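An overview of the molecular structure
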Amino acid sequence: MTRSFRFVGGAAFLLLATPLFLAACDGSSASSDIDSLLVDARLARQSGDIATAITLLESALTQDSQHPQVRVELGSAYLDREDVNLLDVDRVALFLTTFEATVSSPSETPVQRFGSVCRYEDDPNAHPFDPAEYDEYIDLYANRDLINSVLDLLNGTDPTGVEIGIMPDELRSLSLCHGIEEGELIYDRDGALASLRGFGLSDDEIAMALAVNAVARFMEAYFFITEDIPQQTSWFRVMGSQGGNYIGVCADNQDELRVQVEDAIADLGESITSLDLRDHLLGGDTTSHELVQHVLDAYESVKGDLGPYCNGGA
């Protein structure tokens, strides 16, 4: 997959790469060899030699399988090698929520399911679509195993079976029922940042970790809804009244569907909090704010048919 440099809003969309750390290693450090490999890998990435950077980082990981900086940098380098980044997240989120461009012909009908009735089939404001119809879907999906490897680097186990959890639990606490109030995300931002700093990560490294996590979580959620839901579904873009557009989903068992997609919805929520925390950490700009909003729009658009039932404060 070959892509040229891409731009958003007239400015370069700086994604997984954060300022490189080129300071000389402290020779007195017990981990000086790993520090040297990290610096060399970052220099290689800066020069565009991703293959060498990955080789150096994988060598560092064999020396210390729990090293958080190495795990974050390697995850970023893996995505960099395949040119999977935050711009892909932005484009998929916009694809899912671009209601105005969806027009269906009178003869167009959704996939029929046995033994169920879909409330959107006769709705003139509901237009069937396939969430996998995104133009670059095939290229993105080819990287699914890689994306799972990246998730394992951030929250997996080392070769000895020791659990490595770099990304904090606070990022996974966003709720479709009460996680968004007046456009503000409700989660423990300070606690999440403190947890990440507890690994000895600099703010630049934290920003990189959050970008990597946002990409990997979003893509895994997207791949689940397009490939893995264990029952047949029909998808619609529904043009609601007064701008209340949303994504409608019909399944043979709607209640079971909500349970089946719980982890995917949680992944999508963690992608949003990762983007939001990164935005706050780096001071934010128009582009990063827009990215958070686009993914948040996608998250909120599925709450009716894929989110949990919300009663009162539940």
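Quick note: structure is the one above.
All of the points below concern the structure found in this document. All values derive from a computational prediction rather than experimental measurement.

As a further point, take the pattern of salt bridges. All chains considered together, the criterion is met by 17 salt bridges. Note that E270 is salt-bridged to R172, the shortest N-O span being 2.6 Å. On the criterion of sequence distance, the pair formed by E270 in helix 10 (residues 262-281) and R172 in the loop between strand 5 (163-165) and strand 6 (180-181) is long-range, its members being 98 residues apart. Measuring nitrogen to oxygen at the nearest pair gives 3.0 Å for the salt bridge that ties R197 to D203. We classify R197 as partly exposed; its relative accessible area is 41%. Exposure remark for D203: the relative accessible area of 34% places this residue in the partly exposed category. Salt bridges linked by common partners bring R42, R45, E73, D80 and E205 together as one network.

As a further point, take the sheet that holds strand 8 (residues 233-238). The pairing of strands in a sheet comes from backbone hydrogen bonds and takes either a parallel or an antiparallel form. Taken in spatial order, the 3 strands make up an open sheet running 3-8-9, and their pairing is antiparallel. Taken across any chain shown, the strands that pair with only one partner, and hence form the sheet edges, are strand 3 (126-129) and strand 9 (246-251). When the angles between neighbouring strand axes are averaged without regard to direction, this sheet yields 35°. Where strand 3 meets strand 8, 4 bridges bridge the pair, whose relative direction is antiparallel. Across the sheet, residue P128 finds its bridge partner in strand 8, namely F236.

As a further point, take helix 1 (residues 32-46). Because each turn of an α-helix spans 3.6 residues, side chains separated by three or four positions in sequence point in the same direction. End to end, helix 1 covers 21 Å across 15 residues, agreeing with the expected 21 Å (1.5 Å per residue, within 8%). Of all the positions in helix 1, only I34, L37, L38, V39, A41, R42, A44 and R45 are classed as buried. Tucked inside the fold, the buried residues of helix 1 contact helix 2 (50-63), helix 3 (68-81) and helix 8 (203-228). Directly beyond the C-terminal end of helix 1, a positive phi value near 90° is found at G48.

With respect to the secondary-structure elements, G284 resides in the loop between helix 10 and helix 11 (286-301). Overall, the relative accessible area of 29% leaves G284 in the partly exposed class. Apart from residues lying up to four places away in sequence, G284 is in contact with D279 and H289.

The subject of this paragraph is the packing of helix 1 against helix 3. With their axes 11 Å apart at the nearest point, helix 1 and helix 3 run at an angle of 20° to one another. One element, helix 1, and the other, helix 3, form an angle in the roughly parallel class. Considering how the two elements wind past one another, helix 1 and helix 3 form a crossing that is left-handed. Taken together, the residues of helix 3 that come into contact with helix 1 (itself represented by I34, L38, R42 and R45) are Q69, V70, E73, S76, A77 and D80. The class makeup of the residues in the contact of helix 1 with helix 3 is 4 nonpolar, 2 polar and 4 charged.

Another aspect to go through is empty space enclosed by the protein. Considering all chains together, one arrives at 1 cavity of 30 Å³ or more under this definition. What the largest cavity holds in volume is close to 140 Å³. L96, A221, I225, L268 and V302 are the residues nearest the centre of the largest cavity, which is lined by 13 residues in total. Those elements that place two or more of their residues in the lining of the largest cavity are helix 8 and helix 10. With 4 residues, the top contributor of residues to the lining of the largest cavity is helix 8. When its residues are assigned to classes, the lining of the largest cavity shows 13 nonpolar, no polar and no charged.

So, how was this worked out
Residues numbered from 1 in each chain as written. Predicted model: local features only at pLDDT ≥ 70, side-chain atom pairs only at ≥ 80, totals over all residues. Heavy atoms only, no water. Salt bridge = Lys/Arg side-chain N within 4 Å of Asp/Glu carboxyl O. Helix = DSSP H or I, 4+ residues; strand = E, 2+ residues; numbered from the N terminus. Buried < 20%, exposed > 50% of the residue type's maximum accessible area, 1.4 Å probe, protein only. Pairing = 2+ DSSP bridges. Axes fitted to C-alpha atoms, helices over the stretch in contact; angles between N-to-C directions. Expected span 1.5 Å × (residues − 1). Contact = heavy atoms within 4.5 Å. Parallel < 35°, antiparallel > 145°, perpendicular 65-115°, else oblique. Left-handed = near helix turned anticlockwise from the far one by under 90°. Nonpolar A, V, L, I, M, F, W, Y, C, P; charged D, E, K, R; others polar. 1 Å grid on protein atoms, 1.4 Å probe; cavity = no way out; pocket = protein on both sides within 12 Å on 5 of 7 lines; lining within 4 Å. Points joined across faces, edges and corners; volume = space filled by probe spheres on them.

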